[in-house]
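Below are the chains, spelled out letter by letter.
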Amino acid sequence: MIAPPDRMPLPRSFFDRPVLEVAPDLLGRVLVRTTSDGPISVRLTEVEAYDGPNDPGSHAYRGRTARNAVMFGEPGHVYVYFTYGMWHCMNLVCGPEGRASAVLLRAGEVVEGAELARKRRPTARDDKELAKGPARLATALEVDRVLDGTDACTAGETPLRILTGTPVPVEQVRSGPRTGVAGEGGNGDVHPWRYWVADDPTVSPYRAHVPRRRRS
């Protein structure tokens, strides 16, 4: 049986492009998480671009570490990081290999497996909130560091795949400052690198960076 065009995996060449081309083009694409209980699919509605050594907001700005090593690898792989001691967030690596750019998946609409996502996100008030924010998205899809480095471009059995979906028309794409990014990296005039689908209820609210207070 031949899969319909919108269910075909995105080719690696899709990601082997500059991150500022890939990021808005990911809107409307479908991320599929295969779990032991069944699949969960999310239509992406909000993303953020991070441009490696040219970007003070990027994890790779100061070079390669054990934590960010996947960002320096082959495009189309998943980079997962742990933040604030409690949350995971996931990114898709962009090319070329060695360049260390990636797109943070910030929010989406659960279009398949909502009942499974609800079990992982019992505090969500409704289905629009299941994947509304990067940590919520990762939690709903049961994503953690075990999936760091997963190839999202393969057509066979894999925990995570990114499918063609239905790209969002350019007139429906909005851009602005990235959420919670400090310093120059959070300057929306310089880095308006958060992209979202206009008027979509699953898009997360913008929040400026707030410095964390150290305990005395």
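As shown above, the structure is provided for reference.
Described in the following lines is the structure provided in the data block. (Residues numbered from 1 in each chain as written. Predicted model: local features only at pLDDT ≥ 70, side-chain atom pairs only at ≥ 80, totals over all residues. Heavy atoms only, no water.)

Thoughts on the pattern of salt bridges
Note the following rule: Any Lys or Arg side-chain nitrogen located within 4 Å of an Asp or Glu carboxyl oxygen qualifies as a salt bridge.
Enumeration over the complete set of coordinates arrives at 19 salt bridges. Connected through shared salt-bridge partners, Arg33, Asp37, Arg120 and Glu142 make up one network.

A few points about the pairing of strand S2 (residues 38-50)
For clarity, the threshold we go by: Exposed residues in this analysis have more than 50% of their type's maximum accessible area, buried residues have under 20%, and partly exposed residues fall in between, with area computed by a 1.4 Å probe over protein chains only. A run of H or I in DSSP counts as a helix once it spans at least four residues, and a run of E counts as a strand once it spans at least two, with each numbered from the N terminus. Strand pairing follows a simple DSSP-based rule, namely that at least 2 bridges must link the two strands.
The buried count for S2 comes to 11 of 13 residues, which makes it a mostly enclosed element. Across 6 bridges, strand S1 (residues 30-35) lies against S2 in antiparallel orientation. If you follow Val32 over to S2, its bridge partner there is Ser41. Counted between consecutive antiparallel strands, the loop separating S1 from S2 contains 2 residues.

So, the nonpolar core
Nonpolar side chains in soluble globular proteins generally cluster together in the buried interior. Condition: Only buried Ala, Val, Leu, Ile, Met, Phe, Trp, Tyr and Cys residues count toward a nonpolar core, and they belong to the same one when joined by side-chain atoms within 4.5 Å. By the convention used here, residues are in contact when the closest approach between their heavy atoms is within 4.5 Å.
In terms of nonpolar packing, the biggest core is built from 43 residues, with Phe15, Leu26, Met90, Val103, Leu105, Leu137 and Ile162 touching the most fellow members. Considering each element in turn, this core owes the most residues, 5 residues, to S2. Residue contacts for Leu137: discarding those within four places in its chain leaves Leu31, Val42, Leu44, Met90, Leu105, Arg106, Ala107, Gly108, Leu130 and Ala131. Of all hydrophobic cores here, the second largest spans 13 residues; its members include Ala60, Phe72, Tyr81 and Val93.

Focus on the packing of aromatic side chains
Let me state the cut-off plainly: Between the rings of Phe, Tyr and Trp (Trp by its six-membered ring), a pair exists once the centres lie within 6.5 Å; its type follows the angle of the planes, with under 30 degrees stacked, over 60 edge-to-face, and the other angles tilted. Distance and angle both matter: a charge sits over a ring if NZ of Lys or CZ of Arg is within 6 Å of the ring centre and within 35 degrees of the ring normal.
Scanning all chains against the criterion turns up 2 aromatic pairs. An angle of 75° between the planes, with centres 5.0 Å apart, marks the rings of Phe14 and Phe15 as edge-to-face. This pair shows no difference in class: Phe14 is buried, exactly as Phe15 is. The interplanar angle of 40° and the centroid separation of 5.7 Å between the aromatic rings of Tyr79 and Tyr81 together place this pair among those described as tilted. Using a relative accessible area of 12% as the deciding quantity, one classes Tyr81 as buried. The residue whose ring lies beneath Arg17 is Phe14, and the NZ or CZ to ring-centre distance is 4.6 Å. Taking the ring centre of Trp196 as reference, the NZ or CZ of Arg194 above it sits at 4.2 Å.

Overview of unusual backbone geometry
For the peptide bond that leads from Gly95 to Pro96, omega is 0°, which places it in the cis range. Secondary-structure assignment places Pro96 in the loop between strand S4 (87-94) and strand S5 (101-112). Of note in the backbone geometry, Glu142 takes a positive phi value of approximately 55° without being a glycine. Counting through the fold element by element, Glu142 comes out in the loop between helix H4 (134-140) and strand S6 (160-163). Classification of Glu142 by relative accessible area gives partly exposed; the value is 38%. One non-glycine residue with positive phi stands out, namely Asp199, at about 65°. Positionally, Asp199 belongs in the segment after strand S8 (194-197).

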